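# Descriptive structure summary
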Amino acid sequence: MTDSPAASNAESHTAGPGLPEDLKTGHTAVCGLQYGDEGKGQIIDMLSQEGFDFVVRYNGGANAGHSVHIGDEKFALHLLPSGILSPAIVNVVGNGVVMDPQGILKEIDGLTERGVVIKDNLRISERTHVVLPYHKKQDELYDRAVSAARGDAHAIGTTGRGIGPCYADKALRSTAIRVCDLMLPADRLREKLRYIVRVKNAVLTSLASLCGAEFEPFDADALTDEFLVYADRLRPFVCDASSMLRDQMAQGKRVLFEGANATLLDIDHGTYPFVTSSTCTALGVYAGAGVPGGVLEHVLGIVKLYTSRVGGGPFPTELSGDIADQIRDVGREYGTTTGRPRRVGWLDLVATRYTAAVSGVTGLACTGLSVLSGLDEMKVCVGYKHNGQTITTMPADADVIAEVQPVFETFEGIGEPVSEIRSYAKLPAAAKRYVEFVESFVGVPIRMVCVGRRRDQILHR
Ligand code: IMP
């Protein structure tokens, strides 16, 4: 690290006091329990100061946006794991990630300019799948083509980062490019891209004609030349990451697994089809990092004490009007990746209890309390009504989720700012009542409550 403001901040701002001893041992996964943007980056950044040797991303791609606030500086990370600001930690992009080479290099360059050294502290799995520009084009055209074919607007509202099309190629196999392909001699990569681009151009031309969009076919040679440059820059970071992790874990090194996106966006367990294309839960750790099942000692579920969602899909507790505007403005609820205003609503405990169970969460970390502290009252959803029936579990069908009526429990407002409070015991009684209700409803202990976005605003319990 140099002595730029960023570098000195990263070294001098330590976590708030009192991370309980039990959380200082074993391998840990951190997962979002809502629709993303719960504040995972803050928790991962703090935990990464607590004796972890590795931080591993195991799913998703540049659709994720993890913000790390150190002092008054904000670092927005998309593909780089959130331990990248700590020089002693090795950060791993696992095989379960879909990586945009241009995107990760841009992030590396941006951080390097701010004084962060990225060298031996970054490893990329040779099995990681690569996002190419035709994936982003397909992302852009697909929702439009489906809407045109259906005759109505049916948008998943993706981030446009090529995530779904890249995972689709992973499943299709013959048109996929992995990091190990990027490392091939130039003529072998060129040969591969020539036939893949022929297929992609044919598919994209059809999609474009279906929705009346313009499409300029991709040139395989130009693409190869561009990606060979990225390949050369990424080569020093590439390795057999899963073998390395297994060896290091066998030698007693500790690993923090960083879940991207969130459980309600999980391809299997989220509000399908309004989800992303990867396993965002803790279940994804094993396949997405290539480590044996059962290695996790802790699974921390991150819950924002209200809800936000970006893109399409059901959202039973969604708010509109003044309270929504207040939450969005105070909580700065605008997408880290796309800048889109986020939809906001009350905390949905039916959904949270379900998502905590899916990941086998052992502890909760709650964020967003300072955003709620300015409200006159707070609500949480404790059940759904559908066709006269009360539902207390998460329906599989997104149409049913869109139709349910939330049943709310109302809490009195906190009544005073909380962002300067530095111990859980000193929180106002109304804040503790609300937090402890969440804990008892979900049935998992709350280990941390954040009263702001900085490392020192995490209160341990
Ligand atoms: P995709 O991952 O770009 O395909 O987007 C699918 C859906 O998931 C869209 O509604 C996105 O807005 C949403 N999404 C994907 N990743 C994130 C995230 O990290 N935070 C919030 N929403 C996300």
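Residues numbered from 1 in each chain as written. Predicted model: local features only at pLDDT ≥ 70, side-chain atom pairs only at ≥ 80, totals over all residues. Heavy atoms only, no water.

Running from amino to carboxyl end, helix H3 (residues 101-113) crosses helix H8 (residues 220-234) at an angle of 50°, the nearest separation of the two axes being 10 Å. Between H3 and H8, the angle falls in the class oblique. At the point where H3 passes H8, the crossing takes the left-handed sense. Every residue of H8 that contacts H3 at Pro101, Gln102, Ile104, Leu105 and Asp109 is listed here: Glu226, Phe227, Tyr230, Arg233 and Leu234. By residue class, the composition of the contact of H3 with H8 is six nonpolar, one polar and three charged. (Axes fitted to C-alpha atoms, helices over the stretch in contact; angles between N-to-C directions. Helix = DSSP H or I, 4+ residues; strand = E, 2+ residues; numbered from the N terminus. Parallel < 35°, antiparallel > 145°, perpendicular 65-115°, else oblique. Left-handed = near helix turned anticlockwise from the far one by under 90°. Contact = heavy atoms within 4.5 Å. Nonpolar A, V, L, I, M, F, W, Y, C, P; charged D, E, K, R; others polar.)

On to the sheet that holds strand E14 (residues 363-367). The pairing of strands in a sheet happens through backbone hydrogen bonds and is either parallel or antiparallel. Taking strand neighbours across the sheet as the criterion, the 10 strands line up as E9-E7-E5-E2-E10-E1-E11-E14-E18-E19 in an open arrangement whose pairing is mixed. Each of the sheet's edge strands pairs with one partner strand only, and the pair in question is strand E9 (238-239) and strand E19 (458-460). Note that E14 and strand E18 (residues 446-450) share three bridges and pair parallel. Residue pairing in the sheet places Ala365 in a bridge with Met448 of E18. (Pairing = 2+ DSSP bridges.)

One widely used convention gives an interface's size as the accessible area the parts lose upon coming together. Under the domain assignment, the chain is made up of domain 1 (5-125 + 239-301), domain 2 (130-233) and domain 3 (304-460). Counting residues at the interface gives six residues for domain 2, matched by five residues for domain 3. Counting each side, the surface lost to burial between domain 2 and domain 3 is near 340 Å², with a carbon and sulfur contribution of 43%. Together, Gly157, Thr159 and Arg161 form the three largest contributors to the area buried by domain 2 at its contact with domain 3, with a combined 73%. Summed over the shared surface of domain 2 and domain 3, the number is zero salt bridges. (Domains from an automatic or database assignment. Buried area = accessible area lost by both parts, 1.4 Å probe. Salt bridge = Lys/Arg side-chain N within 4 Å of Asp/Glu carboxyl O.)

Under the criterion given, the structure shown has seven aromatic pairs. Aromatic side chains Tyr134 and Phe218 sit 6.2 Å apart centroid to centroid with 80° between the ring planes, which places their arrangement in the edge-to-face category. Here the residue Tyr134 occupies a position in helix H4 (residues 133-150), and Phe218 occupies one in the loop between helix H7 (186-211) and H8, the gap between them amounting to 84 residues. With relative accessibility at 21%, the residue Phe218 sits in the partly exposed group. The rings of Phe411, Tyr434, Phe437 and Phe441 are connected pair by pair, giving a single aromatic cluster. Seen from the ring of Phe52, Arg254 lies directly overhead, with NZ or CZ sitting 3.9 Å from the centre. (Phe/Tyr/Trp six-rings, centres within 6.5 Å; stacked < 30°, edge-to-face > 60°. Buried < 20%, exposed > 50% of the residue type's maximum accessible area, 1.4 Å probe, protein only. Lys NZ or Arg CZ within 6 Å of the ring centre and 35° of its normal.)

Let's shift gears to H8. Residue pairs spaced three or four apart in an α-helix point in one direction, given the helix's 3.6 residues per turn. With 15 residues, H8 should reach 21 Å at 1.5 Å per residue; the first-to-last C-alpha distance of 20 Å fits that figure. Those residues of H8 lying buried are Ala220, Leu223, Thr224, Phe227, Leu228, Tyr230, Ala231 and Leu234. For H8, the side-chain oxygen to backbone nitrogen distance between the N-cap and Asp221 is 2.9 Å, and the N-cap itself is Asp219. (Expected span 1.5 Å × (residues − 1). Polar contact = N/O pair within 3.5 Å; in protein donor to acceptor, adjacent residues only side chain to side chain.)

Ranked by size, the top nonpolar core spans 59 residues in total, and within it Leu245, Phe257, Leu305, Leu369 and Leu427 carry the most contacts. Ranked by the residues each element gives to this core, the list is headed by helix H15 (residues 429-442), at six residues. Residues from two domains meet in this core; each of domain 1 (5-125 + 239-301) and domain 3 (304-460) gives at least three. The residues touching Leu427, leaving out its near neighbours within four places in the chain, are Leu369, Val418, Ile421, Lys432, Val449, Val451 and Leu459. Ranked by size, the runner-up nonpolar core spans 48 residues in total, among them Leu79, Ile104, Val179 and Leu234. (Core = buried A, V, L, I, M, F, W, Y, C linked by side-chain atoms within 4.5 Å.)

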